[in-house]
Amino acid sequence: MNEKLIPLSVPTLAGNEWKYVKDCLDTGWISSVGAYVTEFEKKVAEFTGAGFAVATVNGTAALHICLNMVGVGPEDHVIIPNITFVATANSVWYTGAEPILIDTNLTDWQMDLDILEKFLAEETTAKDGNLVYKKTGKVIRAIMPVHVLGNICDMDRFLAIAEKYDLVVIEDSTEALGSTYKGKHAGRFGTLGTVSFNGNKIISTGGGGMIITDNEELAKKAKHLTTTAKTDPLEYFHDQVGYNYRLVNVLAAIGVAQMEQLPEFIVRKKEVVQLYKDKLGGFADISFQEQSDDVTTNGWLFTIRTKHRPLLIQELNKRKIICRPFWTPMNQLPMHKNCHYINDHDNSSALHMSGISIPSSTSITNEEIDRVVDNIKDIIQHV
Ligand SMILES: *Cc1c(COP(=O)(O)O)cnc(C)c1O
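If you're wondering where the values come from, they're calculated on a predicted model, not measured in any experiment.

Peer 1: Whenever I open this one, the site of the ligand confuses me. Can you help?
Peer 2: Surveying the vicinity of the ligand reveals 16 residues, the closest of which are Gly59, Thr60, Glu175, Ser196 and Lys201. Between the ligand and Gly59, the relevant distance is 2.7 Å, taken from an oxygen atom to a main-chain nitrogen or oxygen of the residue. Residue Asp172 places a side-chain N or O atom 2.8 Å away from a nitrogen atom belonging to the ligand. With the chains in place, 93% of the 380 Å² that the ligand exposes on its own is no longer accessible. A molecule is said to occupy a pocket when more than half its atoms come within 2 Å of that pocket's grid points, and by this definition the ligand occupies the largest pocket. Among the elements of the structure, α3 (59–69) and α4 (87–94) are those that each provide at least two residues to the shell around the ligand. The element contributing the most residues to the shell around the ligand is α3, with three residues. Residue classes in the shell around the ligand are distributed as four nonpolar, nine polar and three charged.

Peer 1: Would you mind going over the sheet that holds strand β8 (residues 180–181) with me for this structure?
Peer 2: Strand pairing in a sheet relies on backbone hydrogen bonds, with the paired strands running either antiparallel or parallel. Overall, antiparallel pairing links the three strands, which are arranged β9-β8-β13 in an open sheet. Edge positions in the sheet fall to β9 (184–185) and β13 (295–296), since each has one partner strand and no second. Sheet analysis places β8 next to β13, joined by two bridges and oriented antiparallel. In the strand pairing of β13, Tyr181 is matched with Val295.

Peer 1: Looking at this structure, I do not really get the layout of surface pockets. What am I missing?
Peer 2: Here the idea is plain: a probe the size of a water molecule rolls over the atoms and shows the empty space left. The volume enclosed by the largest pocket comes to roughly 410 Å³. Those elements giving two or more residues to the lining of the largest pocket turn out to be α3, α4 and β15 (324–325). The dominant element in the lining of the largest pocket, judged by the number of residues it contributes, is α3, at three residues. Grouping the constituent residues of the lining of the largest pocket by class yields eleven nonpolar, 13 polar and four charged. When its volume is computed, the second largest pocket comes out at roughly 270 Å³. Those elements giving two or more residues to the lining of the second largest pocket turn out to be α2 (35–48) and α7 (216–226). Partitioning the lining of the second largest pocket into residue classes produces four nonpolar, seven polar and four charged.

Peer 1: I tried to follow the nonpolar core on my own but got confused; where do I start?
Peer 2: The tendency in soluble globular proteins is for nonpolar side chains to be buried as a group. Of all hydrophobic cores here, the largest spans 41 residues; its most connected members are Phe40, Leu177, Phe197, Ile203, Met210, Leu262 and Phe326. Taken together, the elements giving at least two residues each to this core come down to α1 (17–27), α2, β1 (52–56), β11 (209–213) and α8 (249–280). For this core, the domains that each give at least three residues are domain 1 (17–259) and domain 2 (262–381). Judged by nonpolar contacts, the second largest core, of 29 residues, contains Ala62, Ile65, Met144 and Leu192.

Peer 1: It is not clear to me how the packing of α2 against α8 should be interpreted in this structure. Could you clarify?
Peer 2: Any two packed helices are characterised by how steeply their axes cross, that is the angle between the axes, and by the distance between the axes. Where α2 contacts α8, the two axes come as close as 7 Å, and the packing angle between them is 25 degrees. By the angle between their directions, the pair α2 and α8 is classed as roughly parallel. Considering how the two elements wind past one another, α2 and α8 form a crossing that is left-handed. Mapping the contact onto sequence places Ala35, Tyr36, Val37, Glu39, Phe40, Lys43, Val44 and Phe47 in α2 and Asn249, Ala252, Ala253, Gly255, Val256, Met259, Glu260, Leu262 and Ile266 in α8. Residues of the contact of α2 with α8, tallied by class, amount to twelve nonpolar, two polar and three charged.

Peer 1: What is the right way to look at the pairing of strand β6 (residues 139–143) in this model?
Peer 2: Consecutive residues of a regular strand have side chains that alternate between opposite faces of the sheet. Taken across its five residues, β6 has four buried, putting it largely inside the fold. Looking at chain direction, strand β2 (residues 76–81) and β6 are connected through four bridges and run parallel. Bridge assignment links Asp76 to a residue of β6, and that residue is Val139. With two bridges connecting them, β6 and strand β7 (residues 168–171) associate as parallel partners. Looking at the pairing, Ile143 lines up with Val169 of β7. A crossover connection joins β6 to the parallel β7 through helix α6 (residues 155–164); in handedness this β-α-β unit is right-handed.

The rules behind each value
Residues numbered from 1 in each chain as written. Predicted model: local features only at pLDDT ≥ 70, side-chain atom pairs only at ≥ 80, totals over all residues. Heavy atoms only, no water. Near = heavy atom within 4 Å. Polar contact = N/O pair within 3.5 Å; in protein donor to acceptor, adjacent residues only side chain to side chain. Areas by Shrake-Rupley, 256 points an atom, 1.4 Å probe, with all protein chains shown as cover. 1 Å grid on protein atoms, 1.4 Å probe; cavity = no way out; pocket = protein on both sides within 12 Å on 5 of 7 lines; lining within 4 Å. Sits in = over half its atoms within 2 Å of the grid points. Helix = DSSP H or I, 4+ residues; strand = E, 2+ residues; numbered from the N terminus. Nonpolar A, V, L, I, M, F, W, Y, C, P; charged D, E, K, R; others polar. Pairing = 2+ DSSP bridges. Points joined across faces, edges and corners; volume = space filled by probe spheres on them. Core = buried A, V, L, I, M, F, W, Y, C linked by side-chain atoms within 4.5 Å. Buried < 20%, exposed > 50% of the residue type's maximum accessible area, 1.4 Å probe, protein only. Domains from an automatic or database assignment. Axes fitted to C-alpha atoms, helices over the stretch in contact; angles between N-to-C directions. Parallel < 35°, antiparallel > 145°, perpendicular 65-115°, else oblique. Left-handed = near helix turned anticlockwise from the far one by under 90°. Contact = heavy atoms within 4.5 Å. Right-handed = clockwise from strand over helix to strand, strands pointing away.

Written as structure tokens, this is what we have:
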């Protein structure tokens, strides 16, 4: 058997990528200033409905700048879910603040709102106009929901909780380009939202990110901070410690071409999700992430749960079907393990042990989907 490898999630570069990159090379405009950056920002703002978009070097940098802009710093806490990609927690530490980890629920795999609400009611107190975590005495400055796998939690309830406790909302919507809640695009519910264009995301610039917001002042500040906080077009005068977090023009050129294809990508992703659900639903103990009728997800990376996960990971990868376990929970990573982890039953651990992401590239063929499904069934049937 010499079958072709089926990747987990790779970019589809089927549009104007070559043309626009060649344009950058031909004109020499590859670096930090150039028309494609502006065009890319405009396209993402239009697509999401956000007033403004500011391109960054990656999604992690976008998160860092968002936290920085709303004043998160040392001696603060930021609430995040315990199940997320490590960048969420890292970006909090970059500001000097310490994450508080909230367990995830086993239905939609997002931050558990019951646990969040109980935590805020019982373990925090108002002090000098701030919300303080009683155990540490530190201020809880912001909350960062993560739209895990492009799904979205009960946002109405989430926002009501955030408002009640006066928490600034910064959305880690890096996986959710193309996902909506009640028709509104992910990343547009909080003060600031973020997008990632990493290699495995729904569109990719190789590496890249964006901040989206309706607040013009914050958008201007984000541009300033991500471009070394330079205030004069000629003189090297910078008015604060800025960051070199800009996205370069040659990568934005790829981004413009990718945005042109995004609507088709989403259509295909949804087909892939439906095919997997039809073919794997009801087989053995396999279950899926549930989504509410208020949510349309971008179907970014299809992930199933089964107790056979350890064997499946090994066997599928051996059979050239590239799969990955669901993230290791933040409380199990050495640099985050001392964070306060708020939970009842440690669902995070259960999700991690049972979750497996399976090939979901936009370019995956129906035959490849069948091969993935047949192999999953074959492996589970033979345990
Ligand atoms: C991809 C991702 C990020 C970071 O984006 P990069 O562009 O890779 O820096 C942050 N949070 C989550 C949940 C992600 O999936």
